[in-house]
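Residue strings, one per chain:
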Amino acid sequence: DPGADASLCGMAATGASGTNAVRYGTMRPNVLNLRVVLPDGRLLHTAGPGRQPRKRAAGYDLTSLFVGSEGTLGFLTQATLRLHPLPEATTVTIASFPSVGAAVACTVQVLQAAVPVARIEFLDEVMADACGRFSGMGLPVAATLLLELHGSRHSLAEQQQQTEEIVRQNGGSGLAWAEGQEERERLWSMRHNAWYAALALRPGCQGYSTDVCVPISRLPDVVVETKQDLQASKLTGPMVGHVGDGNFHCLLIFNSQDPEEAQRIHAFTQRLGRRALAAGGTCTGEHGVGLGKRALLQEELGPEGLDTLRSIKAALDPHNLMNPGKVL
């Protein structure tokens, strides 16, 4: 369930995910085979032509090598994907919290209680306000969680009870479960329009989106520190994220004609990446390295890791034709 106008092979190329990742996984475990055009023009099927086993132990895992390669090793032209059955019943709710720390702590407790939640999406108060106004839904201006449960009708009742109890323990309010498809789609449409809602906060300005991913146990601390950093930096940067798997984004809206503000944006993103690394996480959970996070990648993997990546790149693309300058 990706946002905006994502494509399947684009999602695979960046190792991305969507709101369902907490239960069904990111692209990496859901891609069974890829058809790739290599830099020399040869056609590669990473698991073999026409093959789609659920697991394999034959040779190197070429599929995983190309998932997340960001177009530096070849063109991904076809993806064979794992399918998941539709649940018998689905229900979604919105809960408001007194602080971002309380909202994220609730997420951690829901996961630690082994509630088989399908989606947990976080909006800070700036993002909740922007999404509410952009979609016309009028959300409370407060840190917010969107939680969706999947299962049988019998099991959902127990899951709802567990979730409600944990939400209340963390000061959450406003729980009202929506089971109808139209109402559920309306709620998720609001979340998927978060990028456009953020841009509407400062008409005429540009947006820069950055993300990190940290271990669930460190998520509350990192989110709170990032919120404080945003406020101290005087930046417009609503926060939103797939917090069920430790991933969150800052949608930074700035005046590109103001060099001083652009410099503050750059400095903030570097601090955010290093904050995630210090917490045992990664500088990017799904957006990829591209150009902007090459220094952070080196800090994350170390010289041995980066040298190994360069060796793979040189072996597959000796003439540096594919996305030169990206990642490495």
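Refer to the structure above for everything that follows.
Everything numeric in this text was worked out from a predicted model, so none of it was measured.

Student: Which residues make up helix α5 (residues 100-112), and what values go with them?
Tutor: Note on helix geometry: an α-helix contains 3.6 residues per turn, so any two residues three or four positions apart are oriented the same way. When the terminal C-alpha atoms of α5 are compared, their 19 Å separation across 13 residues agrees well with the 18 Å that a helix rising 1.5 Å per residue should span. Taken residue by residue, α5 has Val100, Gly101, Ala102, Ala103, Val104, Cys106, Thr107, Val108 and Val110 as its buried positions. Those residues of α5 hidden inside the fold are in contact with β4 (89-97), β5 (117-123), α6 (125-135), β6 (143-151), α7 (153-169) and α10 (219-232). In the segment just after α5, Ala114 is the residue with positive phi, at about 65°.

Student: How would you summarise the packing of aromatic side chains if you had to cite specific residues and measurements?
Tutor: This model, assessed by the stated rule, comprises zero aromatic pairs. Above the plane of the ring of Trp188 lies Arg119, whose end atom (NZ or CZ) is 4.1 Å from the centre.

Student: I'd like to hear about the nonpolar core, residue by residue, with values.
Tutor: If you look at the biggest cluster of nonpolar residues, it comprises 38 residues, and the most contacted ones within it are Phe97, Phe122, Leu145, Val223, Phe248 and Cys250. Listing elements by their share of this core, those giving two or more residues are β4, α5, β5, β6, α7, α10, β9 (247-254) and α11 (259-278). Looking at which element gives the most residues to this core, the answer is α5, with six residues. Among the nonpolar cores identified, the runner-up in size contains 20 residues, and Ala128, Leu139, Ala178 and Leu251 belong to it.

Student: Could you give an account of the environment of Glu121, naming the residues involved and the relevant values?
Tutor: Topologically, Glu121 is positioned in strand β5. Since its relative accessible area comes to 0%, Glu121 is described here as buried. For Glu121, the residues in contact, after removing those within four places along its chain, are Thr19, Thr144, Leu145, Leu146, Trp188, Arg191, Gly241, His242 and Val243. Side chain to side chain, Glu121 and His242 meet in a polar contact 2.7 Å long.

The rules we used
- Residues numbered from 1 in each chain as written.
- Predicted model: local features only at pLDDT ≥ 70, side-chain atom pairs only at ≥ 80, totals over all residues.
- Heavy atoms only, no water.
- Helix = DSSP H or I, 4+ residues; strand = E, 2+ residues; numbered from the N terminus.
- Expected span 1.5 Å × (residues − 1).
- Buried < 20%, exposed > 50% of the residue type's maximum accessible area, 1.4 Å probe, protein only.
- Contact = heavy atoms within 4.5 Å.
- Phe/Tyr/Trp six-rings, centres within 6.5 Å; stacked < 30°, edge-to-face > 60°.
- Lys NZ or Arg CZ within 6 Å of the ring centre and 35° of its normal.
- Core = buried A, V, L, I, M, F, W, Y, C linked by side-chain atoms within 4.5 Å.
- Polar contact = N/O pair within 3.5 Å; in protein donor to acceptor, adjacent residues only side chain to side chain.

Note that every value here comes from positions in space, so none of it alone points to a role or purpose.
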